[in-house]
Amino acid sequence: MSASYREALRAALLYLLLSVVWMQLSGYLLNSFFDSSAELLRWQLINGYAWMTVSAGLIFIARARLLRCLGIGARLRERSEDRERLRQAAAVFDCTREGVLVTNGEGLIVHVNRAFMEITGYQSEEVLGQRPSLFKSGRHLKGFYQAMFETLDSRGEWSGEIWNRRKSGEIYPQWQTIRVIHDDLGRHSHYVAVFSDISAIKNSEHKLMHLAHHDALTDLPNRLLFTDRAEQALASAQVHKRGCALLLIDLDHFKMINDGLGHTIGDQLLKAVAERLKAMFGAGITLARLGGDEFAVLAESCPHLVQAAALARRIIDGLKEPFPIDGHQLFINTSIGISLFPSDALSAEQLLRNADSALFKAKSGGRNGYALYTEELTAHAQQRVEISFELRNALDQQQLRVYYQPVHDLKTSRLIGVEALVRWEHPQRGLVSPAEFIPIAERTGLIAEIDAWVMQQACRQMCQWQQAGKVLSFVAVNVSSRLFARRELYQQVAQVLRETGLAPACLELEVTESAVMEDPEVALEQMHRLRELGVRLAIDDFGTGYSSLLRLKRLPVQKLKIDQGFVAGLPWDEDDAAIVRVIIALAQSMGMQVHAEGIEQVEQAAFLLEQGSHLGQGYWFGRPVPAGQLDWLRAPVITQSLA
Ligand code: C2E
Ligand code: MG
Ligand code: MG
């Protein structure tokens, strides 16, 4: 028995004894009151009072001691229960699989448990006294932590997913609950954070998501993900006013491979096709396997059908190379259906449906080809795409030719110069007009090579004629508007002149009026540089480009070529006649030569001569021909008088 219990027992016994004494004494006093004399009574009363006072005092002391002892006893019991509770809490704190971290009100770590150490890799002594910012992953922005502390302040608790860093440096996701502990005055005395490592859950979640959105065989996005991505891409294209193309790819006769060689080989072929397709595309293109032998491609920046058709051609050609699988060399052909956003459809689903009907068209059109959803465009686009592909080889395979069209002095009718005009001698289609392939070459960027080549050929030819004693004032070459503004043009011209040795004054560069007016300041600078080289400059197709007269005056140009559209109606069309008159007057006032093109009749030549045009070019004088066929002696006399 402990000392305090013994003391409590003693106090209880004393209290009992005194109570008995008190009861005895009060009984005796009452009896005496009735039996004794007054004197005795007073003595007894005084004594009784003293007794009563003493005994009451004793009782008070005894009671106080008893109560104190009982209080101590109760407190001791409470303390031992608290100790028990603490022991249990410590066991839970230590055994729980969740990491626990406690900070004081200043945010310094004061406790961590064993799970904390296992999860984070830190020992307790490494983190005690530190701040939890030690574990920051850097994945969350400042606002994330701000919002967390605001919630802790307002609600006293925060739960959520948070990325932290282990001691090893690895970043991992936690599910964390933080609770604020208040002291008796309501101040934040501690923060308790309980967390679990959810990387495993996250991983399996990720794997599940991947499985749900990807094709198991090829690991490409499946229809679900493809449609989703397509919707997002279309929404963004709408905002940025971009065109997109959706291509549905189907392998021709794939069933035969499956039936003939078995599904295992069929699967391997599909995998190999997926790999080859993947290698073909870069960013901005989503590739998916929609099922079976059907793949889909979404090109996010594909504004023209020609680009979409070119992409289809690239895919068809890319899949033509044999696939070596299990000792077999497998050849496959491909059919592709194309649908365009926004011209054919506005939603991913509708684009897919349209591409599907285009695919059907491609397959029924003999397979191994592509078809556009918009039928009228298919043939036209196909032709342009084929041309752009073939044009690439045309230069290497020396299919391009330079023809020369004579230019005559209208007064003397003498041959005075030539214009170099490019031709394409296509192995199947024969002579292709530049009007057909130059715009395609401009779009594909091939124009730079073509123009450089033509210029070189023309200068060489001019030198050969000069060496043969055939004298011409100039050879004119056309410069594409795409190249005119570029710095390289100057270097290119200088290089050709250097290489061929042609006198610069014999070379005339024709630039269209619209190219000049596109950016007149750049044109002006470029023209001055070219003039410094000593070459002649002419404005081609004049009258179609809305020139500003003020600007025109500043240009260092020697010649205006009246567009053949105005010449065609001469001399009877009054409007054409009036325009031609004005152009001639304008050129003369600015000290420029006038060169009329497209002269097919003598009346036109006569009108132009009469109005003061200096030079004439057209079928009436001679068609563009190869260098060897130029008629040096031809000088048709303009006899007809219009008076
Ligand atoms: P252009 O520079 O205005 O050339 C004149 C065009 O008119 C030539 O067409 C020529 O064959 C045609 N032509 C000449 N006389 C007559 C005629 O009496 N009647 C009719 N109806 N047409 C006539 P072509 O050779 O088909 O060239 C068309 C255009 O292609 C040229 O127009 C020029 O802009 C461009 N081009 C031709 N060769 C080149 C080149 O090497 N480089 C560049 N960038 N463009 C070229
Ligand atoms: Mg020309
Ligand atoms: Mg012209």
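Summary of the structure given here. Note that the coordinates shown come from a computational prediction; the quantities given were computed from them, not determined experimentally.

### Some details on the overall build of the protein
Piece 1. The helix and strand tally for the protein stands at 22 helices and 22 strands.
Piece 2. Classification of the 643 residues of the protein by burial places 44% in the buried group.
Piece 3. Pairs at least 24 apart in sequence give 62% of the contacts found in the protein among residues at least 6 apart.
Piece 4. Taken as a whole, the protein presents about 34,700 Å² of accessible surface, with 54% of it coming from carbon and sulfur.

### Remarks on the coordination of the magnesium ion (ligand 3)
Piece 1. Within the protein, Asp540 (OD), Asp541 (OD) and Glu597 (OE) serve as the donor atoms for the magnesium ion (ligand 3), at 2.1 to 2.4 Å.
Piece 2. Each donor residue of the magnesium ion (ligand 3) lies on the same chain, and together they follow the pattern D-D-x55-E.
Piece 3. Separation of the magnesium ion (ligand 3) from the magnesium ion (ligand 2) amounts to 4.0 Å, with aspartate 540 serving as a shared donor to the pair. Within this pair, whereas aspartate 541 is found in strand E18 (residues 536–542), its partner glutamate 597 is found in the loop between strand E20 (593–596) and helix H22 (602–611), the two being separated by 56 residues in sequence.
Piece 4. Residue classification places aspartate 541 among the partly exposed residues on the basis of a relative accessible area of 24%.

### Digging into the pattern of salt bridges
Piece 1. Counted according to the given criterion, the structure contains 25 salt bridges.
Piece 2. Put simply, glutamate 161 and lysine 202 hold a salt bridge, and the shortest N to O gap is 2.8 Å. Placement of the pair is glutamate 161 in strand E3 (residues 157–165) and lysine 202 in helix H6 (residues 199–213), with a sequence separation of 41 residues.
Piece 3. Assessed through its relative accessible area of 23%, lysine 202 is described here as partly exposed.
Piece 4. Residues aspartate 215 and arginine 289 are paired through a salt bridge, measuring 3.0 Å at the closest nitrogen-oxygen approach.

### Examining the nonpolar core
Piece 1. By size, the foremost hydrophobic cluster in this structure holds 83 residues, and its most contacted members are Tyr404, Leu507, Leu509 and Leu608.
Piece 2. Here the element with the most residues in this core is helix H14 (residues 447–467); it accounts for nine residues.
Piece 3. Judged by nonpolar contacts, the second largest core, of 39 residues, contains Leu247, Leu311, Ile315 and Ile325.

### Re the pairing of E3
One face of the sheet, then the other: side chains in a regular strand alternate in exactly this way.
Piece 1. Pairing between E3 and strand E4 (residues 171–182): nine bridges, direction antiparallel. Its bridge partner lying in E4, glycine 160 is registered against glutamine 176.
Piece 2. Here E3 folds back onto E4 in antiparallel fashion, the turn holding five residues, of which glycine 169 has a positive phi close to 100°.

### Quick look at H14
Piece 1. Taking 1.5 Å per residue as the helical rise, H14 with its 21 residues ought to reach 30 Å, and the 30 Å between its terminal C-alpha atoms agrees with that figure.
Piece 2. Regarding H14, the residues found buried are Ile447, Ile450, Asp451, Val454, Met455, Gln456, Ala458, Cys459, Gln461, Met462, Cys463 and Trp465.
Piece 3. Two residues or fewer past H14, glycine 469 is found with a positive phi of approximately 80°.

### Here we look at unusual backbone geometry
Piece 1. Cis peptide bonds are those with omega within 30 degrees of zero, and the linkage from phenylalanine 341 to proline 342 qualifies with 5°.
Piece 2. With respect to the secondary-structure elements, proline 342 resides in the loop between strand E11 (334–341) and helix H11 (348–364).
Piece 3. Cis geometry marks the peptide bond from leucine 570 to proline 571, where omega comes out at -5°.
Piece 4. Relative to the assigned elements, proline 571 resides in the loop between helix H20 (564–567) and helix H21 (574–589).
Piece 5. Positive phi outside glycine occurs at serine 413, with the angle close to 65°.
Piece 6. As for its placement among the helices and strands, serine 413 is situated in the loop between strand E13 (400–409) and strand E14 (415–426).
Piece 7. A relative accessible area of 5% means that serine 413 is categorised as buried.
Piece 8. The backbone of aspartate 541 sits at a positive phi, close to 50°, despite the residue not being glycine.

### Here's the deal with the coordination of the magnesium ion (ligand 2)
Piece 1. Every protein donor of the magnesium ion (ligand 2) is listed here as Glu419 (OE), Asn478 (OD1), Glu510 (OE) and Asp540 (OD), and their distances to the metal cover 2.0 to 2.2 Å.
Piece 2. Between the donor residues of the magnesium ion (ligand 2), the gaps in sequence give the motif E-x58-N-x31-E-x29-D.
Piece 3. The partly exposed category is assigned to asparagine 478, whose relative accessible area is 27%.
Piece 4. On the basis of relative accessible area, glutamate 510 is assigned to the buried category, the value being 1%.

### Digging into the sheet that holds strand E5 (residues 188–197)
Piece 1. Pairing is antiparallel in the open sheet, where five strands are placed in the order E2-E1-E5-E4-E3. Since the sheet does not close on itself, it has two edges, and those belong to strand E2 (109–112) and E3, each with one partner. Sheet twist, expressed as the mean angle between neighbouring strand axes with direction ignored, is 25°.
Piece 2. Contacts from helix H5 (residues 142–155) reach E3, E4 and E5 within the one sheet, and its direction differs from that of E3 by about 150°.
Piece 3. Along the sheet, H6 makes contact with E3, E4 and E5, crossing E4 at roughly 135°.

### Some points on the site of ligand 1
Piece 1. The environment of ligand 1 is formed by 24 residues, the closest being Arg423, Asp451, Asn478, Gln564 and Glu600.
Piece 2. Contacts to ligand 1 include aspartate 541, whose side-chain N or O atom sits 3.2 Å from an oxygen atom.
Piece 3. One of the side-chain nitrogen or oxygen atoms of glutamate 597 is found 3.5 Å away from an oxygen atom of ligand 1.
Piece 4. Expressed as a share of its isolated accessible area of 790 Å², the protein-covered part of ligand 1 is 84%.
Piece 5. Where the shell around ligand 1 is concerned, the elements lending two or more residues are E14, helix H13 (434–444), H14 and E18.
Piece 6. Examining the composition of the shell around ligand 1, we find that four residues originate from one element, E14, more than from any other.
Piece 7. Residues of the shell around ligand 1, tallied by class, amount to nine nonpolar, seven polar and eight charged.

### Let's talk about the packing of aromatic side chains
Piece 1. Counted under the stated rule, the structure contains nine aromatic pairs.
Piece 2. Between phenylalanine 144 and tyrosine 145, the aromatic rings sit 5.3 Å apart at their centres with planes inclined by 90°, giving edge-to-face as the arrangement.
Piece 3. Seen from their ring centres, tryptophan 465 and tryptophan 632 are 5.3 Å apart, and the 75° between their planes marks the pair as edge-to-face. One end of the pair, tryptophan 465, is in helix H14; the other, tryptophan 632, is in the segment after strand E22 (625–626), and 167 residues separate them in sequence.
Piece 4. The exposure class assigned to tryptophan 632 is partly exposed, which follows from its relative accessible area of 22%.
Piece 5. Pairwise contacts between aromatic rings join Phe116, Tyr122, Phe135 and Phe195 into one cluster.
Piece 6. Its guanidinium or amino end placed over the ring of tryptophan 163, arginine 139 lies 3.8 Å from that ring's centre, counting from NZ or CZ.
Piece 7. Cation over ring: arginine 623 sits above tyrosine 619, and NZ or CZ is 3.7 Å from the ring centre.

Quick notes on the rules
- Residues numbered from 1 in each chain as written.
- Chains lettered and ligands numbered in written order.
- Predicted model: local features only at pLDDT ≥ 70, side-chain atom pairs only at ≥ 80, totals over all residues.
- Heavy atoms only, no water.
- Helix = DSSP H or I, 4+ residues; strand = E, 2+ residues; numbered from the N terminus.
- Buried < 20%, exposed > 50% of the residue type's maximum accessible area, 1.4 Å probe, protein only.
- Contact = heavy atoms within 4.5 Å.
- Areas by Shrake-Rupley, 256 points an atom, 1.4 Å probe, with all protein chains shown as cover.
- Donors = N, O, S within 2.8 Å, 3.2 Å for Na, K, Ca; no water.
- Salt bridge = Lys/Arg side-chain N within 4 Å of Asp/Glu carboxyl O.
- Core = buried A, V, L, I, M, F, W, Y, C linked by side-chain atoms within 4.5 Å.
- Pairing = 2+ DSSP bridges.
- Expected span 1.5 Å × (residues − 1).
- Axes fitted to C-alpha atoms, helices over the stretch in contact; angles between N-to-C directions.
- Near = heavy atom within 4 Å.
- Polar contact = N/O pair within 3.5 Å; in protein donor to acceptor, adjacent residues only side chain to side chain.
- Nonpolar A, V, L, I, M, F, W, Y, C, P; charged D, E, K, R; others polar.
- Phe/Tyr/Trp six-rings, centres within 6.5 Å; stacked < 30°, edge-to-face > 60°.
- Lys NZ or Arg CZ within 6 Å of the ring centre and 35° of its normal.

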